Amino acid sequence: MSIGANVKRLRKEKGISQTELAEAVHVTQSMIAQIERGTKALTMELGVEISDALGVSINALLENLSK
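Scoring rules and cut-offs
Residues numbered from 1 in each chain as written. Predicted model: local features only at pLDDT ≥ 70, side-chain atom pairs only at ≥ 80, totals over all residues. Heavy atoms only, no water. Salt bridge = Lys/Arg side-chain N within 4 Å of Asp/Glu carboxyl O. Helix = DSSP H or I, 4+ residues; strand = E, 2+ residues; numbered from the N terminus. Buried < 20%, exposed > 50% of the residue type's maximum accessible area, 1.4 Å probe, protein only. Axes fitted to C-alpha atoms, helices over the stretch in contact; angles between N-to-C directions. Parallel < 35°, antiparallel > 145°, perpendicular 65-115°, else oblique. Left-handed = near helix turned anticlockwise from the far one by under 90°. Contact = heavy atoms within 4.5 Å. Nonpolar A, V, L, I, M, F, W, Y, C, P; charged D, E, K, R; others polar. Core = buried A, V, L, I, M, F, W, Y, C linked by side-chain atoms within 4.5 Å.

## Some details on the pattern of salt bridges
Two side chains that carry opposite charge are able to pair once their charged atoms sit near each other.
Reasoning step 1: Counting across every chain of the model gives three salt bridges.
Reasoning step 2: Here Glu 36 makes a salt bridge to Arg 11, at a shortest N to O gap of 2.6 Å. A residue pair is termed long-range when its members are at least 10 positions apart, and Glu 36 in helix H3 (residues 29–37) and Arg 11 in helix H1 (residues 3–13) qualify at 25 residues. An identical accessibility class is assigned to Glu 36 and Arg 11; each is buried.
Reasoning step 3: Salt bridges sharing partners connect three or more residues here, namely Arg 9, Glu 13 and Glu 63.

## Topic: the packing of helix H2 (residues 18–25) against helix H4 (residues 44–54)
Reasoning step 1: Interaxial distance between H2 and H4 falls to 9 Å at its minimum, and their mutual angle equals 120°. As summarised for this structure, H2 and H4 are arranged oblique, according to the angle between their axes. For the crossing formed where H2 meets H4, the hand is right-handed. Judged by residue contacts, Leu 21, Ala 24 and Val 25 of H2 engage Leu 46, Glu 49, Ile 50, Ala 53 and Leu 54 from H4.
Reasoning step 2: Here the contact of H2 with H4 is built from residues that sort into seven nonpolar, no polar and one charged.

## A closer look at the nonpolar core
For soluble globular proteins, nonpolar side chains are generally found buried alongside one another.
Reasoning step 1: Membership of the largest hydrophobic core comes to 13 residues, with the highest contact counts inside it found for Val 7, Leu 10, Leu 21, Val 25, Ile 32, Ile 50 and Leu 54.
Reasoning step 2: Listed by contribution, the elements that provide at least two residues to this core are H1, H2, H3, H4 and helix H5 (58–62).
Reasoning step 3: Setting aside residues up to four positions removed in sequence, Leu 21 forms contacts with Val 7, Arg 11, Ile 16, Ile 32, Ile 50, Ala 53 and Leu 54.

Here is the structure:
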């Protein structure tokens, strides 16, 4: 699993759309889609903002990462 896959899974579990998450962290919906697909790298700062917006710890974004 990747960070992007974790973002997508957690976002869906919370019932939040890509657009809603994007607005909460002040980026575009397109950027959230790229992060979830793994075509855009997630900065630590944005990772913290996303985890806060989803109400989870940063560790939740890092769970089960593929090696």
